[in-house]
Amino acid sequence: MNRLLTEPRLARADDLFEALVEAHRELDEAASDRLHARLVFVLANHIGDEAVVLEALAVARAAALE
Amino acid sequence: MPLSYQNPVYPYRRNADQDRSGGHHPVVIVGGGMVGLGMAVDLAWRGVASVVLDDNNTVSVGSRAICHAKRALEIYDRWGIADRLRGKGILWNLGRVFLRDRQIYDFNLQPEEGHAWPAFINLQQYYLEEYLVDAALASGLVDLRWKNEVAGIRQLPVGVELDIVTPDGAYSIACDWLIACDGAGSVVRRTLGLEFDGKIFEDRFLIADVQMKAEFPTERWFWFDPPFNPGQSALLHRQADDVFRIDLQLGADADPEVERQPERVIPRLRAMLGPDMPFELDWVSVYTFCCRRLERFRHGRVVFAGDSAHQVSPFGARGGNGGVQDVDNLGWKLALVLSGAAPESLIDSYDAERIPAADENILNSTRSTDFISPKNGASRAFRDAALELAASHAFARPLVNSGRLSRPHAYAASPLSTADRDAFVAGPAPGAPLIDAPVEAAGGDWLLHHMATGFTALVFGDVSPRDRARLAEGPVPISLCVVGEGAGSVRDAAGLIAGRYDGRAGTTYLVRPDQHVAARFRQFDVAALLEARDRAMGRVREAMA
Ligand SMILES: Cc1cc2nc3c(=O)[nH]c(=O)nc-3n(C[C@H](O)[C@H](O)[C@H](O)COP(=O)(O)OP(=O)(O)OC[C@H]3O[C@@H](n4cnc5c(N)ncnc54)[C@H](O)[C@@H]3O)c2cc1C
């Protein structure tokens, strides 16, 4: 079974961070939400395993600070 | 009252029970809608008489159910009315999904050849009910009592007593089994004080039947956010008599009284159909939908079927189709219990099988309705994102949910099934319905036509005269359907039967009276078949070693 990888894997994290922020620069809140959602679907399909995506969702939810 | 259709008026007649006390019947069915009538016809087909009580004197007023799914059609075929549906109705397999003003994808619900029935036939509910009334009357076993309203029921130690109101006054009867098919507002359910809980959706929907000479193809068309109904959805279906069903989502704030007025409806339809299309309004209604069910369907000698037991939103056409599968499941069990061949506990398996089926229908209908009417910003963002992606990427199309259309439930965890011991690479597993396939015969024929009223052994290969005799013994014989070359065999000309059942010499399926699989084996084995039959009748309770 596949499992979610959570060790550091991105060599150019700053570039990615900037590209993500940049993609939303001209968007209103609704359009921004839709872009997030499209990205999630594209990545989920790439992963191709609902269990791994749900694991990722749990990690993301758990990381929220009050 | 629709313009294109004149409701028949069935006569109220006095009956013998009104002139005596102590009238008693083995089976009384409350409600002569599509499910109650189906119950009566199925029982009659099995030789069981019933009394049907209906508070009205006609079939469905206005259309409601229009999409009749393949499995329901197979059941109607058994009851002898499916050819009338085919003759009058609209056959379809294809659906199209539009976003704003363009198609984003299409889907085929039955891409495979070699099936007697299409994925769906569209036909107004009142025609179906007419055919069921005709079949019920033709059987000679159904006592149809129009204008007989059930006002109350009392459960007896064994059986049920009913109070009935007619134009001539009230009377009472008793019965061994009461089948409550009195719809979503069930009086029987309320009399028993049973809770009917679930999810209620806020959005209102305008449902209109429109008569017009339009060239729309015989397909299901669904729009998200169309220019003619911005921010909402729309659904279009063709029915018989040049009548089209149009569903327009109105949102949660719409006022149903205002929205059903022709001066509101006509401009909405005009926007959709264009300024030049002549049309007549046949029938209009404004609905909110809910998905809910009873906790249990059997309460002593009262059994609920159809909308009295469970209700779904119409996206997916799972209401009527699900209800018909209820009575398909109940009919043979009731017939066996009434004949004394099966223990009364067999009726408990109706709950064990039809509650998961209702849950599957509710789950699918709820998800579709949630997708169609997103209730918060996040669900709308995901919904719209899926739609946007689906326009250009096939991978996103399975995320789009404009209705997951009715499919038969496979009774996967049924206590009546014998678990597989042998390996199969194809074919219906125990609990699943049979898969139809063509049979070679002059004029063409279908495998399902070769299933008996009772149990059937579907065997690939040959069966010795001695084994044939053993299967035919006893009060509940097993009929044979042999797929092969010999005399009396079903010929698998196209090879589709063997393919769909992973059939090799010796392969045997034990088929229940409702055409669901009870057991399957790689080797023909009479003892195993008889034991599986007994289990399917509720006579063997422990698991097989
Ligand atoms: C807009 C809409 C579209 C739909 N589309 C589809 C579809 O495409 N496909 C599909 O499969 N389903 C569809 N459905 C669902 C389908 O119409 C119902 O599931 C179906 O009608 C249920 O049949 P029923 O016999 O259980 O109940 P009903 O059709 O409600 O019949 C109940 C009967 O009981 C009688 N009755 C009630 N109370 C009493 C009493 N006290 N005494 C005596 N008689 C009584 C009534 O007169 C009626 O005849 C749709 C529903 C709606 C609202």
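Residues numbered from 1 in each chain as written. Chains lettered and ligands numbered in written order. Predicted model: local features only at pLDDT ≥ 70, side-chain atom pairs only at ≥ 80, totals over all residues. Heavy atoms only, no water.

## Digging into empty space enclosed by the protein
All names here are of chain B.
Thinking step 1. Under the defined criterion, the tally for this structure stands at two cavities of 30 Å³ or more.
Thinking step 2. Empty space within the largest cavity amounts to approximately 40 Å³.
Thinking step 3. Considering the residues around the largest cavity, the lining is formed by Arg318, Asn321, Gly322, Gln325, Arg354, Ala357, Asn361, Ser406, Arg407 and His409.
Thinking step 4. Listed by contribution, the elements that provide at least two residues to the lining of the largest cavity are helix 8 (319-339) and helix 9 (348-372).
Thinking step 5. Taken together, the residues of the lining of the largest cavity break down into one nonpolar, six polar and three charged. (1 Å grid on protein atoms, 1.4 Å probe; cavity = no way out; pocket = protein on both sides within 12 Å on 5 of 7 lines; lining within 4 Å. Points joined across faces, edges and corners; volume = space filled by probe spheres on them. Helix = DSSP H or I, 4+ residues; strand = E, 2+ residues; numbered from the N terminus. Nonpolar A, V, L, I, M, F, W, Y, C, P; charged D, E, K, R; others polar.)

## A word on the interface of chain A and chain B
For an interface, size is often stated in terms of accessible area lost upon the parts coming together.
Thinking step 1. If you look at the interface, chain A gives eight residues, while chain B gives nine residues.
Thinking step 2. Contact between chain A and chain B buries roughly 830 Å² in total, counting both sides, with carbon and sulfur atoms accounting for 80%.
Thinking step 3. A per-residue breakdown of the area chain A buries against chain B is headed by Arg34(A), Arg38(A) and Phe41(A), which together make up 62% of the total.
Thinking step 4. One salt bridge connects Arg38(A) with Glu388(B), and the closest N-O pair in it is separated by 2.5 Å.
Thinking step 5. Connecting chain A to chain B are two residue pairs in polar contact (both at pLDDT 80 or more). (Contact = heavy atoms within 4.5 Å. Buried area = accessible area lost by both parts, 1.4 Å probe. Salt bridge = Lys/Arg side-chain N within 4 Å of Asp/Glu carboxyl O. Polar contact = N/O pair within 3.5 Å; in protein donor to acceptor, adjacent residues only side chain to side chain.)

## Thoughts on the packing of aromatic side chains
Residue and element names in this part refer to chain B.
Thinking step 1. Scanning the entire structure with this criterion turns up 25 aromatic pairs over all chains.
Thinking step 2. Taking 5.3 Å as the distance between ring centres and 80 degrees as the angle between the ring planes, the aromatic pair formed by Trp223 and Phe228 counts as edge-to-face. Each of the two residues, Trp223 as well as Phe228, counts as buried.
Thinking step 3. Ring centres of Tyr287 and Phe289 lie 5.8 Å apart, and the angle between their planes is 15 degrees; this geometry places the pair in the stacked category.
Thinking step 4. You can call Tyr287 partly exposed: its relative accessible area is 26%.
Thinking step 5. Among the aromatic residues, those joined into a ring-pair cluster are Phe205, Phe222, Phe224, Tyr287, Phe289, Phe315 and Phe371. (Phe/Tyr/Trp six-rings, centres within 6.5 Å; stacked < 30°, edge-to-face > 60°. Buried < 20%, exposed > 50% of the residue type's maximum accessible area, 1.4 Å probe, protein only.)

## Details of the environment of Tyr509(B)
Residue and element names in this part refer to chain B.
Thinking step 1. For Tyr509, the location among the structural elements is in strand 24 (residues 508-511).
Thinking step 2. Linking Tyr509 and Phe524, residues 15 residues apart in sequence, is a C-alpha distance of 9.0 Å.
Thinking step 3. Excluding residues within four positions of it along the chain, Tyr509 makes contact with Phe424, Ala426, Gly427, Pro428, Thr456, Ala457, Leu458, Tyr501, Val517, Ala519 and Arg520.
Thinking step 4. A distance of 2.8 Å separates a polar atom in the side chain of Tyr509 from the backbone oxygen of Tyr501.

## Quick word on the packing of helix 8 of chain B against helix 9 of chain B
Two quantities define a packed helix pair, namely the angle between the helix axes and the distance between the axes.
Residues and elements named next belong to chain B.
Thinking step 1. Interaxial distance between helix 8 and helix 9 falls to 10 Å at its minimum, and their mutual angle equals 170 degrees. Classified by the interaxial angle, the pair formed by helix 8 and helix 9 is roughly antiparallel. Judged by residue contacts, Gly322, Gln325, Asp326, Asn329, Leu330 and Lys333 of helix 8 engage Ser349, Tyr350, Glu353, Arg354 and Asn361 from helix 9.
Thinking step 2. Along the lines of polarity and charge, the residues of the contact of helix 8 with helix 9 split into two nonpolar, five polar and four charged. (Axes fitted to C-alpha atoms, helices over the stretch in contact; angles between N-to-C directions. Parallel < 35°, antiparallel > 145°, perpendicular 65-115°, else oblique.)

## Quick word on the site of the ligand
All names here are of chain B.
Thinking step 1. Looking at the ligand, there are 30 residues lining it, with Asp54, Asp55, Arg64, Asp307 and Asn321 nearest.
Thinking step 2. Gly33 places a polar main-chain atom, nitrogen or oxygen, 3.5 Å from an oxygen atom of the ligand.
Thinking step 3. Protein chains bury 88% of the 1000 Å² of accessible surface belonging to the ligand in isolation.
Thinking step 4. If you list the elements that add at least two residues to the shell around the ligand, you get helix 1 (34-45), strand 9 (149-155) and helix 8. (Near = heavy atom within 4 Å. Areas by Shrake-Rupley, 256 points an atom, 1.4 Å probe, with all protein chains shown as cover.)

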